[in-house]
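Each chain is listed here by its residues.
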2 protein chains.
Amino acid sequence: MVRLTKKIEYALMALKYISDECDKIVTAKQISENLNIPNQLLAKILQKLKKEKILESVQGIKGGYKLGKKLNEISLSFLIETIEGDMGIVDCLKTDRQGECCQTDSCNIKDPINQVQTEIYKVLKNKMVSDFV
Amino acid sequence: MVRLTKKIEYALMALKYISDECDKIVTAKQISENLNIPNQLLAKILQKLKKEKILESVQGIKGGYKLGKKLNEISLSFLIETIEGDMGIVDCLKTDRQGECCQTDSCNIKDPINQVQTEIYKVLKNKMVSDFV
DNA sequence: TTAAAATACGACTTTTTAGGTCTTATTTTG
DNA sequence: CAAAATAAGACCTAAAAAGTCGTATTTTAA
Ligand code: SF4
Ligand code: SF4
């Protein structure tokens with residue numbers, strides 16, 4: 001299943017929304033209502049984006065989020081890693097589950113699989129969030 | 001989650017195995033034991049490959065499988081579609097679930113998402129099973 | 001002609017992940 | 001101090017991936 005998760009889509013939609021409000025500070029609620037995204041879920045996504053400085057946040061009643069980086073500096077691969085953790089199209093290429101594959105010994109396709117991953121990542125690395133705006 | 005499923009990996013491993021046995025007929029059991037793949041699961045994967053003529057099968061006690069196509073004629077994208085059905089990196093791009101996305105109306109990233117899909121597919125379409133051997 | 005060993009098929013169960021919710025704390029403004 | 005926002009983590013639910021079971025059918029050879 002080569003798919004983008006909803007979280008990634010929500011992040012992209014939100015970043016585009018925030019970008020459109022150029023420098024005004026926007027709340028999670030405002031975004032979730034306008035884009036029809038579950039509020040709490042979006043909130044947690046935005047928090048992750050903040051941790052990686054993709055967004056800056058202001059707490060308190062007048063608070064909200066604004067961009068912390070330029071959209072053309074955020075690659076899709078970085079966004080995915082920010083939200084989902086280290087990538088890896090198969091078990092043996094995920095840092096957090098090396099050795100979990102029962103086929104490691106009998107596996108006869110490790111190297112070419114690695115190549116596929118490299119090529120897919122190249123696409124994701126060259127695709128910037130600014131391409132979504 | 002940009003990942004290959006186990007089924008896809010099993011299919012690739014099996015195809016490589018069969019290819020190595022050049023024209024000898026091999027049984028599902030033989031493959032599953034040599035590659036350490038769950039037998040019944042592999043059996044069903046091989047059946048799907050047969051339906052798309054990637055493999056040819058012989059029933060009965062002396063039966064088994066052999067290649068039905070040359071490995072350099074089978075793209076990774078075709079293999080994925082054979083096993084998992086029509087691809088689509090997001091709901092609105094999957095033929096079997098158009099209209100299931102609650103954000104279709106508010107969505108502001110449809111076109112660029114489509115582009116990402118095109119680029120990923122290009123990779124999968126140009127990658128042939130022969131590249132795994 | 002029948003037992004054995006293979007493919008063929010569909011229903012089912014289990015495990016894992018994605019998607020979403022709830023609760024509580026903290027921060028900041030008016 | 002109340003209201004409205006972010007922050008954080010536990011929790012629940014639904015869907016998908018991974019694997020199993022049961023049974024039918026096909027073919028060979030004793
Ligand atoms: S089957 Fe091979 S390629 Fe796939 S995860 Fe296991 S070792 Fe890696
Ligand atoms: S959010 Fe937009 S891109 Fe994603 S599935 Fe819905 S309509 Fe398609």
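Notes on the structure follow. (Residues numbered from 1 in each chain as written. Chains lettered and ligands numbered in written order. Predicted model: local features only at pLDDT ≥ 70, side-chain atom pairs only at ≥ 80, totals over all residues. Heavy atoms only, no water.)

The environment of ligand 2 is made up of Lys6(A), Glu9(A), Val90(B), Asp91(B), Cys92(B), Cys101(B), Gln103(B), Thr104(B), Cys107(B) and Lys110(B). More than one chain lines the surroundings of ligand 2; the residues nearby belong to chains A and B. Considering only residue class, the shell around ligand 2 consists of four nonpolar, two polar and four charged. (Near = heavy atom within 4 Å. Nonpolar A, V, L, I, M, F, W, Y, C, P; charged D, E, K, R; others polar.)

A separate point is the protein's contact with DNA strand C. Contacts to DNA strand C come from 27 residues, most closely from Gln40(A), Gln59(A), Arg97(A), Lys44(B) and Ser57(B). Expressed as a percentage, the sugar and phosphate content of the atoms of DNA strand C within 4 Å of the protein is 69%. Between DNA strand C and Ile61(A) there is a distance of 3.4 Å, counted from a base oxygen to a backbone nitrogen or oxygen. A distance of 3.0 Å is found between a phosphate oxygen of DNA strand C and a side-chain nitrogen or oxygen belonging to Lys50(B). Of all elements in the fold, only helix H1 (6–20) and helix H3 (39–51) of chain A together with helix H3 (39–51), strand E1 (55–58) and strand E2 (64–67) of chain B reach the threshold of two or more residues within the surface near DNA strand C. Ranked by residues supplied to the surface near DNA strand C, first place goes to H3(B) with four residues. Its residues assigned to classes, the surface near DNA strand C shows nine nonpolar, 10 polar and eight charged. (Polar contact = N/O pair within 3.5 Å; in protein donor to acceptor, adjacent residues only side chain to side chain. Helix = DSSP H or I, 4+ residues; strand = E, 2+ residues; numbered from the N terminus.)

Moving on, we get to the interface of chain B and chain A. With 43 residues of chain B in contact, the opposing surface of chain A contributes 43 residues. In this assembly, chain B packs against chain A so that about 4100 Å² is buried in total across both faces, 61% of it on carbon and sulfur atoms. Residue Arg3(A) pairs with Asp91(B) through a salt bridge whose shortest N-O separation is 2.8 Å. Counting the contacts that link chain B with chain A gives 23 residue pairs in polar contact (both at pLDDT 80 or more). Listed by contribution, the elements that provide at least two residues to the side of chain B that touches chain A are helix H1 (6–20), helix H2 (28–35), helix H4 (76–84) and helix H5 (110–126) of chain B. At eight residues, the largest contribution of residues to the side of chain B that touches chain A is made by H5(B). Residue composition of the side of chain B that touches chain A, grouped by class: 24 nonpolar, eight polar and 11 charged. (Contact = heavy atoms within 4.5 Å. Buried area = accessible area lost by both parts, 1.4 Å probe. Salt bridge = Lys/Arg side-chain N within 4 Å of Asp/Glu carboxyl O.)

With that settled, consider the site of ligand 1. Neighbouring ligand 1 are Val90(A), Asp91(A), Cys92(A), Cys101(A), Gln103(A), Thr104(A), Cys107(A), Lys110(A), Lys6(B) and Glu9(B). Residue composition of the shell around ligand 1, by class: four nonpolar, two polar and four charged.

Glancing now at the pairing of E1(B). Residue and element names in this part refer to chain B. Inspection of the sheet shows E1 paired to E2 by four bridges, in the antiparallel sense. Across the sheet, residue Val 58 finds its bridge partner in E2, namely Gly 64. Linking two consecutive strands that pair antiparallel, namely E1 and E2, is a turn of five residues; a positive phi of about 85° is found at Gly 60 within it. (Pairing = 2+ DSSP bridges.)

In short, shape yes, function no, at least from these values alone.
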